[in-house]
Amino acid sequence: MFFTCEKNILQEAINIVQKAASSKTTYPILEGILIKAIDNKVYFTATDLDIGIETFIDANVIKPGSIVLNSKLFGEFIRMLPNDIVSLELLDNNFVKITCQKSEFMILGNNPEEFPKLPAINENSLYEISQDILRLMIKQTIFAIAQDETRPILTGVLFEVKDNVLSFVALDGYRLSLKKVELENASNINAVIPGKTLNEISKIIEPSEDKVRITFTPNHILFNLGNTKVISRLLDGEFVNYRQIIPQEHKLKVKVNRNLLLDSIERASLLAREGKTNLIKFNIGSDKMIITSDSQYGKVQEEVTAMLEGDSLKIAFNSKYFLDVLRIIDSEEIYLEFTTNVSPCVVRKVDSDDYIYLVLPVRLIEN
């Protein structure tokens, strides 16, 4: 194997596939990147057996071949090279010589035959969505997945297509986040994608109209971004029936400016965090929301103008769960819907019904 290419192009390819390379494994080959040069293209592949990423670049391939190089060492060296032409040459005994200007690096590789093959997936049946919409759907749901493994299915995001509507759903037992987008001629499907996979996808895709082609098998999902493919295992198990969780009625509806509410809760949460509870209280009535928090260090009170439909209410929440949604919801004004002080609050956009967030309150002990 012998090829040359621009350092920046090479580094970008390495950065993409490194996301799938394993850092802690008893199978050292998984710490590597498979490099395969053929027909003036160089393919890079990495996998930890749960997620696999393959990308390719155009290059001047002088001699075809393949090798596996340690991801961390290879990536660090390429990153430190000057911005110029880099050459990689496979020598005897799996040694690879990397040269750029006056720099030369010899690194020992591994046998490419030992590198696990990614699952072969037929892309005949697929879904198409623009990269910027997919990125937004991930951003507006991924934060609500469960962080512990007691219920593994909740560490992923539900990918559900029903009646030509794609829904991403995440929940962790305390809150639920649902983002919807309409598709055309889409088959119904229900699958759960690991949160880790979607996190890595969000780092690769660009805010552009370019399409992502998504294909499912019973056990895997494939994201085809053109030059890059990401293959991941799906999570086993039945996802929660989220439709039963979302309240269909409310007794109080509040219309409020998102930024004003965000700023007020951020200030109130400073004391809430110091009190180790993250607890903030809402006193809603008379066209305003009074937000309070206290700890051994003091008290804070914030007032936010609001439009009310319904009865007054006092209710408390974990401030983090409210801040998370206010930071990602893309609407200037939002609705907050309440039933009782022990029932979930539903957050909706005023200008669209494509996003719903549900958060459980904290039960207060009345004096």
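In this text, all values refer to a predicted model and were calculated from it rather than measured experimentally.

Procedures and definitions
Residues numbered from 1 in each chain as written. Predicted model: local features only at pLDDT ≥ 70, side-chain atom pairs only at ≥ 80, totals over all residues. Heavy atoms only, no water. Patch = residues over 30% accessible without salt bridge, like charges linked within 9 Å, V, L, I, M, F, W, Y side chains within 5 Å. Areas by Shrake-Rupley, 256 points an atom, 1.4 Å probe, with all protein chains shown as cover. Salt bridge = Lys/Arg side-chain N within 4 Å of Asp/Glu carboxyl O. Helix = DSSP H or I, 4+ residues; strand = E, 2+ residues; numbered from the N terminus. Pairing = 2+ DSSP bridges. Axes fitted to C-alpha atoms, helices over the stretch in contact; angles between N-to-C directions. Contact = heavy atoms within 4.5 Å. Polar contact = N/O pair within 3.5 Å; in protein donor to acceptor, adjacent residues only side chain to side chain. Core = buried A, V, L, I, M, F, W, Y, C linked by side-chain atoms within 4.5 Å. Buried < 20%, exposed > 50% of the residue type's maximum accessible area, 1.4 Å probe, protein only. Phe/Tyr/Trp six-rings, centres within 6.5 Å; stacked < 30°, edge-to-face > 60°. Parallel < 35°, antiparallel > 145°, perpendicular 65-115°, else oblique. Left-handed = near helix turned anticlockwise from the far one by under 90°. Nonpolar A, V, L, I, M, F, W, Y, C, P; charged D, E, K, R; others polar.

**Looking at a nonpolar patch on the surface**
And then number 1: Nonpolar side chains collect at one region of the surface, where Leu91, Phe95, Met106 and Leu108 lie side by side and expose about 340 Å² of accessible area between them.
And then number 2: Assignment of secondary structure puts Phe95 in strand E8 (residues 95-100).

**Observations concerning the sheet that holds strand E23 (residues 333-338)**
And then number 1: As summarised here, the arrangement of the 12 strands in space is E14-E11-E12-E13-E25-E24-E23-E18-E21-E20-E19-E22, forming an open sheet in which the pairing is antiparallel. Taken across any chain shown, the strands that pair with only one partner, and hence form the sheet edges, are strand E14 (189-194) and strand E22 (313-318). Recorded for the sheet is a direction-independent mean angle of 25° between the axes of neighbouring strands.
And then number 2: Both strand E24 (residues 345-349) and strand E25 (residues 355-359) contribute to a ladder of 4 bridges, which runs antiparallel. The residue of E25 that forms the bridge with Val346 is Leu358.

**With respect to the environment of Glu302**
And then number 1: Within the secondary structure, Glu302 sits in strand E21 (residues 298-310).
And then number 2: For the pair Glu302 and Phe282, spaced 20 residues apart in the sequence, the C-alpha separation amounts to 9.6 Å.
And then number 3: Ignoring any residue separated from it by four or fewer positions in sequence, one finds Glu302 in contact with Ser264, Arg267, Met289, Ile290 and Ile291.
And then number 4: Side chain to side chain, Glu302 and Arg267 meet in a polar contact 2.8 Å long.

**Topic: the nonpolar core**
And then number 1: One finds Ile35, Ile98, Phe223, Phe282, Leu336 and Phe338 to be the most contacted residues of the largest nonpolar core, which totals 101 residues.
And then number 2: Looking at this core, the element that brings in the most residues is helix H5 (residues 258-274), giving 6 residues.
And then number 3: If sequence neighbours within four positions are ignored, Phe223 has contacts with Leu134, Ile193, Thr197, Leu198, Ile201, Val212, Arg213, Ile214, Thr228, Lys229 and Val230.
And then number 4: Of all hydrophobic cores here, the second largest spans 15 residues; its members include Ala146, Ile153, Phe239 and Tyr242.

**Points about the pairing of strand E13 (residues 175-182)**
And then number 1: Burial of E13 is extensive: 6 of the 8 residues sit out of reach of the surface.
And then number 2: For strand E12 (residues 165-171) and E13, the ladder comprises 7 bridges, and the chain directions are antiparallel. The partner of Val169 across the bridge, within E13, is Leu178.
And then number 3: Between the end of E12 and the start of E13, which pair antiparallel, lie 3 residues, with Gly173 showing a positive phi angle near 100°.
And then number 4: With 5 bridges connecting them, E13 and E25 associate as antiparallel partners. Its bridge partner being in E25, Leu178 is matched across the sheet by Ile356.

**A short note on the packing of aromatic side chains**
The way to describe two aromatic rings as a pair is by their centre distance and the angle between their planes.
And then number 1: Throughout the structure, instances matching the rule amount to 12 aromatic pairs.
And then number 2: Relative to Phe216, the ring of Tyr127 has its centre 6.0 Å away and its plane inclined at 80°; by these criteria the two rings are edge-to-face. Placement of the pair is Tyr127 in strand E10 (residues 127-130) and Phe216 in strand E15 (residues 211-216), with a sequence separation of 89 residues. For the pair formed by Tyr127 and Phe216, the shared burial category is buried.
And then number 3: Plain terms: the ring middles of Tyr174 and Tyr321 are 5.8 Å apart, the flat faces sit at 25° to each other, and that makes the pair stacked. Residue Tyr174 is located in the loop between E12 and E13, and its partner Tyr321 is located in helix H6 (residues 319-326); the two are separated by 147 residues in the primary sequence.

**A short note on the packing of H5 against H6**
And then number 1: H6 packs onto H5 with a crossing angle of 150° between their chain directions and a minimal axis gap of 10 Å. With respect to H6, the element H5 is oriented roughly antiparallel. Handedness of the crossing formed by H5 with H6: left-handed. Two secondary-structure elements touch here, H5 through Arg258, Leu261, Leu262, Ile265, Glu266, Ser269 and Ala272 and H6 through Ser319, Phe322, Leu323 and Leu326.
And then number 2: Here the contact of H5 with H6 is built from residues that sort into 7 nonpolar, 2 polar and 2 charged.

**A short note on the sheet that holds strand E9 (residues 103-108)**
And then number 1: Strand order across the open sheet formed by 5 strands is E5-E1-E7-E8-E9, with antiparallel pairing between neighbours. The open sheet has two free edges, formed respectively by strand E5 (60-63) and E9, since each of these has just one partner strand. Adjacent strand axes in the sheet meet at a mean angle of 15°, parallel and antiparallel pairs treated alike.
And then number 2: Across 6 bridges, the pairing between E8 and E9 is antiparallel. Counted as the bridge partner of Cys100 is Ser103 from E9.
And then number 3: Packed onto the sheet, helix H1 (residues 7-18) meets strand E1 (2-6) and strand E7 (85-90) and runs at close to 100° relative to E1.

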